[in-house]
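Coordinates in review
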Amino acid sequence: RHGGAVGCSAGRALPSGDGCSGPVGHLTPRAGAWLAGTMWQERARESRAVLVEEYWDQRTSLFRIAAGRGPRLAALLPVGSWHYWWQAHALEVLLDGHEAGDAEAGSRALRLIDGITRRTGGDLTANPYYDDLAWMGLATMRAHTLGLMDARVPLALADAVIGGTLTGGIRK
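Notes on the structure follow. In every chain, residue numbers begin from 1 and rise along the written sequence. Given that this is a predicted model, residues contribute local features only at a pLDDT of at least 70 and side-chain atom pairs are listed and counted only at 80 or more, while totals for whole chains, interfaces and linings are drawn from all residues. Heavy atoms throughout the structure, all of them, feed into the side-chain values; hydrogens and water do not.

Side note on the environment of histidine 144
Numbering of helices and strands runs from the N terminus, with a helix taken as a DSSP run of H or I at least four residues long and a strand as a DSSP run of E at least two residues long. Of note, histidine 144 is situated in helix H5 (residues 130-145). Linking histidine 144 and proline 154, residues ten residues apart in sequence, is a C-alpha distance of 7.8 Å. In this structure histidine 144 touches Met149, Asp150, Ala151 and Pro154, once residues within four positions along its chain are discounted. In protein, a polar contact requires one atom able to donate a hydrogen and another able to accept it; more generally it is a pair of N or O atoms within 3.5 Å, and residues adjacent in sequence count only if both atoms are side-chain atoms. Side-chain polar atoms of histidine 144 contact the backbone nitrogen of alanine 151, separated by 3.5 Å. We call two residues in contact whenever any of their non-hydrogen atoms come within 4.5 Å of each other.

The structure is reproduced here in structure tokens:
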């Protein structure tokens, strides 16, 4: 439903005084805060758990590009399959968990950054696509803001993106 709210209009029970006496699909800030504090946080936790359980590769400290493990999966994927910007988005998911108080998510975020660093030969700016560098820059700057890393990596990524976007979208 366009603009419909989960809660009163969807037939879900909300605490008394939830503010659902208004028009169908309308939630007051109190009801919205209740939903944000339970349902969405739980969905985020569940999604993060599935991401880690199905895609985390303990050996490389990276997220795989397909669920599953073992030689059958490896045979299906092109040699060297690697998606830099997917790692940046996965890092954001882990940082969400860290902010929500999940210490393991913060620890895994650091291992992911280490894995990406190893995969790129020690240079996180070693990627031909500036938008990928920008996603990684945003994620690593957030990790810095949360106190998980120093600013050198995000600043190097920002420098690469700013310099690169002036000359084109793909490095040659």
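Let's pick the thread back up.
Notes on the nonpolar core
Within soluble globular proteins, side chains that are nonpolar tend to cluster in buried spots. Counting 25 residues, the largest nonpolar core has Phe63, Tyr84, Leu91, Leu112, Ile116, Leu133 and Met136 as the members making the most contacts within it. Breaking this core down by element, the ones donating at least two residues are strand S2 (62-63), helix H3 (84-99), helix H4 (103-119), H5 and helix H6 (152-165). The biggest single contributor to this core is H3, with six residues. Residues contacting leucine 112, with those up to four places away along its chain left out, are Trp56, Ser61, Leu62, Phe63, Gln87, Ala90, Leu91 and Leu94. Within this scheme, the nonpolar core is defined by two criteria: the residues are buried Ala, Val, Leu, Ile, Met, Phe, Trp, Tyr or Cys, and they are joined through side-chain atoms within 4.5 Å. Buried, partly exposed and exposed residues are distinguished by accessible area as a fraction of the type maximum, computed with a 1.4 Å probe on protein chains only: under 20%, between the cut-offs, and over 50%, respectively.

Overview of the packing of aromatic side chains
Each Phe, Tyr or Trp ring (for Trp, its six-membered ring) is paired with any other whose centre lies within 6.5 Å, and the angle between the two planes then decides the class: stacked below 30 degrees, edge-to-face above 60, tilted in between. One pass over the structure, following the stated rule, counts two aromatic pairs. When the ring of tryptophan 56 is compared with that of phenylalanine 63, the centres are 4.9 Å apart and the planes differ by 65°; the resulting orientation is edge-to-face. Here tryptophan 56 and phenylalanine 63 have matching classes, each one buried. For a Lys NZ or an Arg CZ to count as sitting over a ring, it must be within 6 Å of the ring centre and within 35 degrees of the ring normal. Just above the ring of tryptophan 40 sits the side chain of arginine 43; from NZ or CZ to the centre is 4.6 Å. Geometry around tryptophan 56 places arginine 108 over its ring, the cationic atom sitting 4.9 Å from the centre.

Things to note about H3
In an α-helix, one turn spans 3.6 residues, which is why side chains three or four residues apart end up on the same side. Any helix carries an expected span of 1.5 Å times its number of residues minus one. Over its 16 residues, H3 extends 23 Å from the first C-alpha to the last, a length consistent with the 22 Å expected when each residue adds 1.5 Å. Glycine 101 sits one or two residues past H3 and shows a positive phi near 100°.

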